[in-house]
Amino acid sequence: MLSVLRVHLPSDIPIVGCELTPYVLLKRPDKSVITDDVTELNPVDGHFLRYRWYRIQSDRKVAVCSVHPTEQATLQCLGCVKAKLPVAKSYHCSPKCFSDAWQHHRVLHERAASAVNENGNEEKKFLGDLIVLVVRHQSNTSLSNGTAALYPAAVTQRSGGETWFEVGRSKTYTPTADDIGHVLKFECVVVDAETKLPVGPTNTLLTSRVIPAPSPSPRRLISVSGIDVPGHLDLDGRISSGGTFTVLSYNILSDACASSELYSYCPSWALSWTYRRQNLLREIVGYRADIVCLQEVQSDHFEEFFAPELDKHGYQALFKRKTAEVFGGNINTIDGCATFFRRDRFSHVKKYEVEFNKAAQSLTDALVPSAQKKNALNRLVKDNVALIVVLEAKFGNHGIDNPGKRQLVCVANTHVNVHQDLKDVKLWQVHTLLKGLEKIAASADIPMLVCGDFNSIPGSAPHALLAMGKVDPLHPDLAIDPLGILRPAAKLTHQLPLVSAYSSFARVGVGLGLEQRRKMDPATNEPLFTNCTRDFIGTHDYIFYSADSLTVESLLELLDEDSLRKDTALPSPEWSSDHIALLAEFRCKPRTRR
């Protein structure tokens, strides 16, 4: 008879919106072991598996901490309640938790106060209430739960103050907001296919309490154009004007790299792909960008998740997988660059793929003596790629002098080699990409966007080449050139008028843009950080644009180091990558007749 040997969950901490898939190990009469989902439609040896999911609700109300969602809340901030902020943000597990989180938490209050003031209400009294930080203990007063939860009527058992509600009848279950704070129970039993009666024992497992999917405070889109506009632009309510479009660049941290060894400070459930993918999708879709450039997208995740999910939101997808000459793992998990664009805003014209391995082969054939080719290729061949896409805008900004003329945009998306001791390889990869873009620019009057994770800090040789069009011959990075591929330094140039989009914050002197200048490095006019781990905080990610044909209208606000948790770095439960997303809104400059 078919029997169940083992049932377990990869993680016993269930999260709202993240599918739970138990691992069920079965033994057949011939002693063979299988893990198939044996359903009533496809029985095995005359038997199938019957599944049940239950929510166990105690008579005692439970809220979870907004900072440490695996902990039960004991305090609630009344300022959040008065400000009508999401009630889940108001809960904390201890006075120390509330105190440590205050630098981040107070931003919620300030934004709520600003919104109240914009609506014409009395800001003074509201702020006065917020300054006095009032918390109340759960043991003395029941916590405010906002709206009452609605639960299904199917009750299977009630005992000891607990009620079990049936919530699912399939092997998998996705927790909902109604499950927050409650334990889930999974049951699995072998059933005779003819009699439909259970045979053998019922296998049961209990989860921890369901926690909400932590979400960061929304980042604002801030005007840098100098036009007199309201304090900030709301991403949720933004509708792109006729001649503007938005571009997002984001290294999402591939699942293969998100190991507990590298990110030991991050909870294991927050590193799991089932959790991170939902968080990432919610964040990406929330930005409503017209063009999305993602790095570290695994091949299987592109095909099975990002492409179909973003298709539902109106995006067409293009992908370039890294080459696999160095990569030694499963070919399906190798990552690459993915570019998406909204079909109602752009149409696809052409796609170019840059494989730096092929460029390395051509370079060594031309410049490196035969005896040194193997060592040269070992240094240069790193599997990195770039994806270049030419798009045609479906919106108009052509000016009266050029009615009906096509508006093209060229978007490059790349992920440069990560190894910090290979400065020559990084610079060579960037130079190779720029030379390819120069050829495209020479063939058409076309604005350029160069996005990605360049694994190069501001002021490095690759950054200088991108931002300045050349590299100082005395730049210290040029001292590392064992193959002689960077000599003479005078060849390290390009003619594209590229400017870093986020340098626009350095030129803004009023309003919220002035607040962003505190988050910029005044020496380089770049963000203080776009990549944050326990061992590194700095900038590796950029959006460059051709300043002769595009202007920056607005930028997604930067994060402040104070907004990051004191006890962790990215990726954190709120931000599901060790990089932050960059987003810029551009306007095509009016084009004159040539």
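Being a predicted model, the structure only gives us computed values, none of them experimental.

*Asks:* Explanation requested: the overall build of the protein in the structure shown.
*Replies:* Helix and strand content of the protein: twelve helices and 28 strands. Taking all 594 residues of the protein together, the buried fraction comes to 51%. Residue pairs in contact within the protein that sit at least 24 positions apart in sequence constitute 74% of those at least 6 positions apart. Within the structure as shown, the protein displays about 27,100 Å² of accessible surface, and the carbon and sulfur contribution to it stands at 53%.

*Asks:* Please clarify how the sheet that holds strand S21 (residues 498-500) should be interpreted in this entry.
*Replies:* Through backbone hydrogen bonds, the strands of a sheet pair up, either in parallel or in antiparallel fashion. Reading across the sheet, the six strands line up as S17-S18-S19-S20-S26-S21 and stay open at both edges, with mixed pairing between neighbours. Single-partner strands in this sheet number two, and they are strand S17 (346-355) and S21. Taken pair by pair, the neighbouring strands of this sheet meet at an average axis angle of 20°, ignoring direction. Note: strand S20 (residues 448-453) against strand S26 (residues 541-546), five bridges, orientation antiparallel.

*Asks:* How should I be thinking about the nonpolar core in this particular structure?
*Replies:* One recurring pattern in soluble globular proteins is that nonpolar side chains are buried together. Phe 245 and Phe 586 are the most contacted members of the largest nonpolar core, which totals 64 residues. With residues near it in sequence (within four places) discarded, Phe 245 still touches Asp 290, Ile 291, Arg 345, Phe 346, Phe 395, Val 409, Leu 449, Leu 550, Ala 584, Glu 585, Phe 586 and Cys 588. Counting residues in hydrophobic clusters, the runner-up holds 40 residues, among them Leu 363, Leu 427, Leu 433 and Leu 486.

*Asks:* Sorry, what's going on with the pairing of S20 here?
*Replies:* The side chains of a regular strand alternate, first on one face of the sheet and then on the other. A large share of S20 lies buried, amounting to six of its six residues. Alternating residues of S20 divide into Met 448, Val 450 and Gly 452 and Leu 449, Cys 451 and Asp 453, and every residue in both groups is buried. Bridge count for strand S19 (residues 408-415) against S20 is six bridges, and the pairing is parallel. Across the sheet, the residue bridging to His 415 is Asp 453, located in S20.

*Asks:* Which parts of the structure should I look at to understand the packing of helix H10 (residues 423-443) against helix H11 (residues 461-468)?
*Replies:* A pair of packed helices is captured by two measures, namely the crossing angle of their axes and the spacing between those axes. H11 packs onto H10 with a crossing angle of 20° between their chain directions and a minimal axis gap of 8 Å. By the angle between their directions, the pair H10 and H11 is classed as roughly parallel. Note on element contacts: H11 touches H10 through Ala 461, Pro 462, Leu 465 and Leu 466, opposite Lys 426, Leu 427, Val 430, His 431 and Leu 434.

*Asks:* Which parts of the structure should I look at to understand the side chain of Ser 554?
*Replies:* Note on placement: Ser 554 falls in strand S27 (residues 550-556). Among the polar contacts listed, one links the side chain of Ser 554 to the side chain of Glu 585, at a separation of 2.5 Å.

*Asks:* What am I meant to see in the packing of aromatic side chains here?
*Replies:* By convention here, two paired aromatic rings are described through the distance between centres and the angle between planes. Considering all chains together, one arrives at 20 aromatic pairs under this definition. Ring-pair connections join several aromatic residues into one group, and the members of that group are Phe 245, Phe 346, Phe 395, Tyr 545 and Phe 586. Note that Lys 185 overlies the ring of Tyr 54, its terminal NZ or CZ placed 5.4 Å from the centroid.

*Asks:* What is the right way to read the sheet that holds strand S13 (residues 244-251) from this model?
*Replies:* In spatial order, the strands read S12-S27-S28-S13-S14-S16-S15; together these seven strands make up an open sheet with mixed pairing. The two strands at the open ends of the sheet, each matched to only one other strand, are strand S12 (221-223) and strand S15 (315-321). The mean inter-strand angle of the sheet, taken between neighbouring strand axes irrespective of direction, is 25°. Pairing of S27 with strand S28 (residues 582-588) involves five bridges; the strand directions are antiparallel. Bridge pairing in S28 places Leu 550 opposite Cys 588.

*Asks:* Honestly, the side chain of His 92 in this entry has me stumped. Any pointers?
*Replies:* Inspection of the secondary structure puts His 92 in strand S6 (residues 91-92). With residues up to four places along the chain from it excluded, the contact list for His 92 reads Cys 65, Ser 66, Val 67, Ala 73, Thr 74, Leu 75, Cys 97, Phe 98, Ala 101 and His 105.

*Asks:* How should the pattern of salt bridges be read in this particular structure?
*Replies:* Two side chains carrying opposite charge are able to pair once their charged atoms lie near each other. All told, the structure shown has 25 salt bridges when counted by the stated rule. With its nearest N and O atoms 2.8 Å apart, the salt bridge here joins Arg 379 to Asp 424. Residue Arg 379 is located in helix H9 (residues 373-380), and its partner Asp 424 is located in helix H10; the two are separated by 45 residues in the primary sequence. On the basis of relative accessibility, which here comes to 0%, the residue Asp 424 falls in the buried class. Linked through salt bridges whose partners overlap, the residues forming this network are Lys 320, Lys 351, Glu 353, Glu 355 and Lys 358.

*Asks:* Sorry if this is basic, but what is going on with the pairing of S28 here?
*Replies:* Within S28, six of the seven residues are buried, which leaves the element mostly enclosed by the surrounding structure. The pairing of S13 with S28 spans six bridges and is antiparallel. Looking at the pairing, Thr 246 lines up with Glu 585 of S28.

*Asks:* What is the right way to look at helix H8 (residues 356-367) in this model?
*Replies:* A rise of 1.5 Å per residue sets the reference length of H8, with its twelve residues, at 16 Å; its end C-alpha atoms lie 16 Å apart and thus fit the reference within 8%. Among the residues making up H8, those that are buried are Phe 356, Asn 357, Ala 360, Leu 363 and Thr 364. For H8, the buried positions fall inside an angular range of 120° around the axis, keeping them on one side. Seen from the buried face of H8, the exposed residues on the opposite side, beyond 90 degrees, are Lys 358 and Ala 366.

Here is what the cut-offs are and how they apply
Residues numbered from 1 in each chain as written. Predicted model: local features only at pLDDT ≥ 70, side-chain atom pairs only at ≥ 80, totals over all residues. Heavy atoms only, no water. Helix = DSSP H or I, 4+ residues; strand = E, 2+ residues; numbered from the N terminus. Buried < 20%, exposed > 50% of the residue type's maximum accessible area, 1.4 Å probe, protein only. Contact = heavy atoms within 4.5 Å. Areas by Shrake-Rupley, 256 points an atom, 1.4 Å probe, with all protein chains shown as cover. Pairing = 2+ DSSP bridges. Axes fitted to C-alpha atoms, helices over the stretch in contact; angles between N-to-C directions. Core = buried A, V, L, I, M, F, W, Y, C linked by side-chain atoms within 4.5 Å. Parallel < 35°, antiparallel > 145°, perpendicular 65-115°, else oblique. Polar contact = N/O pair within 3.5 Å; in protein donor to acceptor, adjacent residues only side chain to side chain. Phe/Tyr/Trp six-rings, centres within 6.5 Å; stacked < 30°, edge-to-face > 60°. Lys NZ or Arg CZ within 6 Å of the ring centre and 35° of its normal. Salt bridge = Lys/Arg side-chain N within 4 Å of Asp/Glu carboxyl O. Expected span 1.5 Å × (residues − 1). Arc of directions from axis to C-beta.

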